[in-house]
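Fold and contact review
Spelled out from the first residue to the last, the chains are:
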There are 2 protein chains.
Amino acid sequence: METELSNRLGIEHAIFGFTPFPAVAAAITRAGGFGVLGAVRYGAADELARDLDWMQEHTDGKPYGVDVVMPAKKVEGVTEADIEAMIPEGHRRFVQETLAKHGVPELAEGEASGWRITGWLEHVARSQLDVAFDYPVKLLANALGSPPPDVVERAHGHGILVAALAGSARHALHHKDAGLDIVVAQGYEAGGHTGEIASMVLTPEVVRAVDPLPVLAAGGIGSGEQIAAGLALGAQGVWLGSIWLTTDEAALTSPALTEKLLAAGSGDTVRSRALTGKPARQLRTEWTDAWEDPEGPDPLPMPLQGLLVAEAVSRIQKYEVEPLLGTPVGQIVGRMDAKRPVQAVFDDLTRGFERAIDRVNRIAGRA
Amino acid sequence: METELSNRLGIEHAIFGFTPFPAVAAAITRAGGFGVLGAVRYGAADELARDLDWMQEHTDGKPYGVDVVMPAKKVEGVTEADIEAMIPEGHRRFVQETLAKHGVPELAEGEASGWRITGWLEHVARSQLDVAFDYPVKLLANALGSPPPDVVERAHGHGILVAALAGSARHALHHKDAGLDIVVAQGYEAGGHTGEIASMVLTPEVVRAVDPLPVLAAGGIGSGEQIAAGLALGAQGVWLGSIWLTTDEAALTSPALTEKLLAAGSGDTVRSRALTGKPARQLRTEWTDAWEDPEGPDPLPMPLQGLLVAEAVSRIQKYEVEPLLGTPVGQIVGRMDAKRPVQAVFDDLTRGFERAIDRVNRIAGRA
C-alpha cells in the first residue's frame with residue numbers, strides 16, 4: 001500500500017495508527033505502518049522521554065511520530081490556577097452530585113488525579129516538544145488547529161513533517177496556509193474531536209482544497225475495505241485511532257472498559273462536549289447523558305471543562321464505576337469485537353485491503 | 001460498473017438515482033443507470049399515472065423503479081382530519097408567527113397547498129402502488145421501514161424487486177426478515193431521513209448483517225471516487241439523490257432554491273425534525289433554526305409535523321422567501337456547484353469512477 005507520502009516516510013503501508021500507548025505505536029511501526037504516540041496524557045516531560053526511549057528500542061529503526069494538542073492561539077502568562085478559578089461553583093457541584101448519585105468513592109488523601117490532562121496547556125505541550133525533538137521522530141501531528149509558526153519552523157529544522165487534524169475544508173486550508181505538510185481529514189464518525197462532516201464527503205473535499213498537500217483519511221476506518229474506500233476518496237493514507245484500543249498491547253485503565261468497548265455497537269457513541277468542552281465522540285455513558293440533560297448545566301468551553309472533570313474521570317476509572325466508564329472512540333467501535341495483538345489487526349487490514357481491491361476491479365471489469 | 005445486482009436488473013452501471021422528477025429519472029435510466037421516481041409528492045393517482053406514461057415513452061425500454069413512503073405499521077381507519085385534530089394550537093400559532101416574522105404572504109383564497117405531502121399516509125401510498133403495478137417497474141423502494149407483507153407479496157407477484165432504506169444494521173435485518181430483496185444503507189451524511197451512523201461505518205456493517213442480500217450505499221455520494229468508495233465498502237451499487245437536484249432536468253419549485261443549493265457548502269445542512277417529524281437532513285435555513293430554538297416548541301412526531309408545516313412550506317416556496325427556503329439535501333451539496341444535464345453528471349460519475357480505480361490500483365501496486 002504505497003503512496004507518495006508513504007514512500008517519503010519510508011513505510012511499507014500507508015496506514016497511520018494514533019494511540020496513547022507506546023507498545024501499540026511501536027507495534028504499528030514494526031508491522032510496516034506508521035505509529036503515532038499521543039503525548040497529551042503525559043504531564044511530566046521525563047515520563048514522555050522514558051516512553052520515547054522505549055519506542056526507540058522497540059521500533060527496529062523504523063519511523064514513528066508524536067501527536068500533541070497545542071492551541072494555535074498563544075495565551076501569555078495564564079496558569080492552570082487562573083483557569084481553575086474561572087470554573088463556576090454550580091458546575092463543580094453538578095460534578096460532585098453526579099458522582100455521588102452513582103456512589104463513586106473519593107480519591108485517597110493526597111492521591112493525584114491520574115487523568116489530569118494538562119497536555120493542551122501550551123507550556124505543557126511545549127515541554128513535550130522539547131523532549132520529542134531530541135528523538136528521531138519523523139512526524140509531529142497536532143490535534144487542534146495549526147501549531148504556532150515557531151513550532152512548525154522548529155519541526156522543519158529537525159526534518160520533521162508537520163500534520164494537523166481538520167474537520168472542514170476551511171480548517172484544512174488554514175493548515176496549508178500555516179505551512180503544514182499533511183492534513184488529517186477527521187470525519188464526523190471519528191473518535192475524539194470531530195466536526196459535522198462525515199468522511200465520505202470530507203475526505204475528497206479536503207483533498208481538493210489543499211491539493212497538492214497529502215491528506216490522510218480519518219474517521220470510521222477499521223477494516224481493509226474502509227482503507228480502500230479512504231484511498232479511493234483521494235487520501236494518501238489512512239489514520240486509525242479507535243481500532244487499537246482493544247489490542248493486547250493497549251493499556252486501558254481497566255478490563256471493564258475493554259469489555260464495554262468490545263460489547264458496544266456503532267450506535268453506542270455520542271459526540272459530546274462533556275469531556276473536553278469541544279465536541280468529541282466517545283462511548284455514550286450515564287456521564288455523557290448527565291451532561292445532555294436539559295435540567296443540568298451546559299459543558300464549559302475548553303480548557304475549563306477538561307479541568308473541571310479531570311478528578312471525576314480519574315475516580316470513575318479507578319473504581320471502575322461501570323455506568324459512567326467511557327473513553328473517546330469512533331463509530332467503528334461496533335467492529336471491535338475481539339481482543340487481539342496489533343499485528344493480527346494489521347494483517348487483517350492489509351489482507352482486507354487486497355480483497356477490496358480485487359472486488360472493485362471485478363466490478364470495474366478489470367479482473 | 002457491473003455487479004450481480006446490476007446484471008439482474010439489466011443495467012450498465014450500478015448507479016441508482018432517486019429523484020422526485022420524471023425527467024431526471026428517465027435521463028438516469030437512459031444514461032445506463034437505474035432511475036427511481038419518488039412518488040411521495042403525488043397526491044392524486046392519475047398524476048402519477050400520467051408521469052409513468054411519460055417515463056415509459058422516454059426510457060427506451062430500459063428499467064426504472066418507483067419509491068413510496070409507506071409505514072410498516074397499519075393504522076386502520078385514521079383519516080387526515082383525525083391527524084389534523086391532534087396538532088396542538090400552540091404549534092399552529094408558532095408556525096404562523098414564524099411566517100409573519102418573515103413577511104410571508106398568505107395563499108390566495110381556495111388556493112391549494114402544493115406541497116401537501118400526503119404520500120406517507122397508507123391509503124395514499126396504496127393508491128400509488130395500484131397505479132405503479134400497472135407499469136413495468138422493476139424496483140419498488142420504500143423510504144421508511146419495510147413495506148407491509150401483502151405489498152411485498154404483490155410486488156414479487158409482478159416480478160418487482162423490493163428495497164428499503166436502513167440507517168442501522170438492526171433496521172436492515174428487519175428488512176431481510178420481511179423478505180425484501182435489497183437494502184439501501186442510508187448514512188448520516190445523506191439528504192432526507194437518516195440515522196446517526198455515517199456511510200463509512202454503516203455500509204460494511206449492513207453488508208455483513210444482511211449477507212447475501214445486495215446492499216446499495218447511500219449518503220455522501222456525488223462523484224466517481226465516492227462511488228468507488230461505496231463499492232469498496234461492499235455495496236453492490238450506489239444510491240444517489242441530492243446530486244440530481246441541480247440538473248437541468250430537475251423541476252425545483254424556484255430558481256432561488258437552485259441558487260441556494262449551488263451556493264451551499266457541505267456544512268450548510270442540518271439533520272432536523274422540522275420538516276416531517278423524523279430527523280431528515282436538509283438545507284439549514286431560518287426555518288430549521290426556528291425549530292432548533294429552545295424557546296420554541298419541539299417538532300411534533302410524524303406524521304403530525306408534516307401536516308402542520310405543509311401550508312407554510314408551500315407559501316415559502318411560492319413566494320421564494322429566501323431565508324426560509326430549503327429542501328432535503330445531503331452533505332454532498334458542497335459539491336453541487338453548476339447546473340448541468342443529467343447525462344453530464346452521469347458521465348462525470350463513470351469517468352471519475354474509472355480514475356479512482358486507476359488510483360487505488362497504483363497504490364495497491366497493481367498498475
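Being a predicted model, the structure only gives us computed values, none of them experimental. (Residues numbered from 1 in each chain as written. Chains lettered and ligands numbered in written order. Predicted model: local features only at pLDDT ≥ 70, side-chain atom pairs only at ≥ 80, totals over all residues. Heavy atoms only, no water.)

On to the relation of the copies chain A and chain B. The two chain copies are connected by a rotation around an axis plus a translation along it. When chain A is fitted to chain B, the residual RMSD is 0.0 Å, and the transformation amounts to a turn of 180 degrees plus an axial shift of 0.0 Å. Viewed as a symmetry operation, the transformation between the two copies matches a two-fold axis. Taking C-alpha positions as the reference, the residue of chain A nearest the rotation axis is A:Ala229, at 2.0 Å. In this assembly the copies share their binding face: 100% of the residues contributing to the interface of chain A also contribute to that of chain B. (Least-squares fit on C-alpha atoms with pLDDT ≥ 70 in both. Contact = heavy atoms within 4.5 Å.)

The next thing to look at is the interface of chain A and chain B. Across the boundary between the two partners, chain A contributes 46 residues, which contact 46 residues of chain B. Buried surface at the junction of chain A and chain B, summed over both partners, amounts to about 3,700 Å²; 56% is from carbon and sulfur atoms. When the buried surface of chain A facing chain B is broken down by residue, A:Met200, A:Ile363 and A:Arg366 rank first, second and third, together holding 18% of it. Counting across the interface, chain A meets chain B through four salt bridges. Among the ionic pairs, B:Asp358 bridges to A:Arg366, the shortest N-O distance being 2.7 Å. Applying the counting rule to chain A against chain B returns 23 residue pairs in polar contact (both at pLDDT 80 or more). (Buried area = accessible area lost by both parts, 1.4 Å probe. Salt bridge = Lys/Arg side-chain N within 4 Å of Asp/Glu carboxyl O. Polar contact = N/O pair within 3.5 Å; in protein donor to acceptor, adjacent residues only side chain to side chain.)

Residue and element names in this part refer to chain B. Along helix 7 (residues 149–157), the positions that sit buried rather than exposed are Val151, Val152 and Ala155. Mapping the buried residues of helix 7 onto a view down its axis gives an arc of 100 degrees, with all of them on the same face. Relative to its buried face, helix 7 has exposed residues pointing more than 90 degrees away, namely Pro149, Glu153 and Gly157. As for helix 7, its buried residues are in contact with helix 6 (122–132), strand 4 (139–142) and strand 5 (161–166). After helix 7 finishes, the residue Gly159 shows a positive phi value of roughly 75 degrees. (Buried < 20%, exposed > 50% of the residue type's maximum accessible area, 1.4 Å probe, protein only. Helix = DSSP H or I, 4+ residues; strand = E, 2+ residues; numbered from the N terminus. Arc of directions from axis to C-beta.)

Okay, the domain arrangement of chain A next. Residues and elements named next belong to chain A. When its domains are assigned, chain A resolves into domain 1 (1–71 + 120–251 + 337–367) and domain 2 (89–115 + 252–335). Taken together, the 26 residues of domain 1 in the interface contact 20 residues of domain 2. Across the domain 1-domain 2 interface, the total number found is two salt bridges. Arg335 is the salt-bridge partner of Glu225, the closest N and O atoms lying 2.7 Å from each other. Our enumeration of links across domain 1 and domain 2 arrives at eleven residue pairs in polar contact (both at pLDDT 80 or more). Broken down by secondary-structure element, the contributors of at least two residues to the side of domain 1 that touches domain 2 are strand 7 (192–193) and helix 10 (224–232). Tallied by class, residues from the side of domain 1 that touches domain 2 come to ten nonpolar, eleven polar and five charged. (Domains from an automatic or database assignment. Nonpolar A, V, L, I, M, F, W, Y, C, P; charged D, E, K, R; others polar.)

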